[in-house]
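# Residue-level structure breakdown
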Amino acid sequence: MRADIVIGVIDVGSPKRGKLGWAILAPNTPPVLGKDLDAFIDTMTLLGADWPLAIGFEAPLFIPSQREAMEVLSARRGEGSRSWSASAGAAVTTAALGVMTYTLAGLRKGLTKATATTDVNALPEHPGDTFFFEAFVTSASKGESHADDALIAAREMHALMISGQTFRSAIDETEVFSLLGASLLRTNWTSNLAVLSTPCLVVKPGFDHHG
């Protein structure tokens, strides 16, 4: 059971067009929501001085690899009809590369000594150390705004962490190419090349993560 981690989620979209929203859940304080990406980075950096962090991006953060040619663009297992390679999925996957890399680079400037992990069995314990995950908010669970969607995902992550139970990812893929891993390498959060082939946890409100 972990209730001492600050959780931040970004619903990925275009900052210029107002299509991006974020939410932050910190212990003993009301949720904070916003649209300004720099404000998210600044706030999470400040909170990272005192708390370990969990940061999620609402966008596909890894894609399947080592499939048959005819299946190379098929949906990830658990994705259903909202495939990462379909028009909307492909657009947000590409946008995630820019938004995620910008965010990780900004956080790294203030959290120079922090470590990164995608291992759900090794959640961070020290201030600044960060657990990264994917959020997957489908139409049935969506709120009224991008920030609402981010808050819905953050609350789901919080519920999983305080449950005291083991939980599983909503996407069941083992052979992957990780866009998150590529961004972590590019922004100097890690030098371990294994992150390129490691799937991260996918948190999906409405999914039975304990099943």
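Residues numbered from 1 in each chain as written. Predicted model: local features only at pLDDT ≥ 70, side-chain atom pairs only at ≥ 80, totals over all residues. Heavy atoms only, no water.

## Notes on the pattern of salt bridges
This structure, assessed with the given rule, holds five salt bridges. Residue Glu134 is joined to Arg76 by a salt bridge in which the shortest nitrogen-to-oxygen separation is 2.7 Å. Of this pair, Glu134 sits in strand E7 (residues 130-135) while Arg76 sits in the loop between strand E5 (62-64) and helix H2 (87-110), placing them 58 residues apart in sequence. Each member of the pair, Glu134 as well as Arg76, carries the same accessibility label: buried. The residue Lys142 makes a salt bridge to Asp149 at a minimum N-O spacing of 3.1 Å. Here Lys142 falls in the partly exposed class, since its relative accessible area comes to 39%. Residue classification places Asp149 among the buried positions, given a relative accessible area of 4%. (Salt bridge = Lys/Arg side-chain N within 4 Å of Asp/Glu carboxyl O. Helix = DSSP H or I, 4+ residues; strand = E, 2+ residues; numbered from the N terminus. Buried < 20%, exposed > 50% of the residue type's maximum accessible area, 1.4 Å probe, protein only.)

## Quick word on the packing of aromatic side chains
Applying the stated criterion across every chain yields a total of three aromatic pairs. When the centroid spacing of 6.1 Å and the interplanar angle of 15° are considered together, the rings of Phe131 and Phe133 count as stacked. Arranged with centres 5.6 Å apart and planes meeting at 85°, the rings of Phe132 and Trp189 form a pair that is edge-to-face. Taken as a pair, Phe132 in strand E7 and Trp189 in the loop between helix H4 (179-186) and strand E9 (202-203) lie far apart in primary sequence, 57 residues in all. In this structure Trp189 comes out as buried when scored by relative accessible area, which is 5%. (Phe/Tyr/Trp six-rings, centres within 6.5 Å; stacked < 30°, edge-to-face > 60°.)

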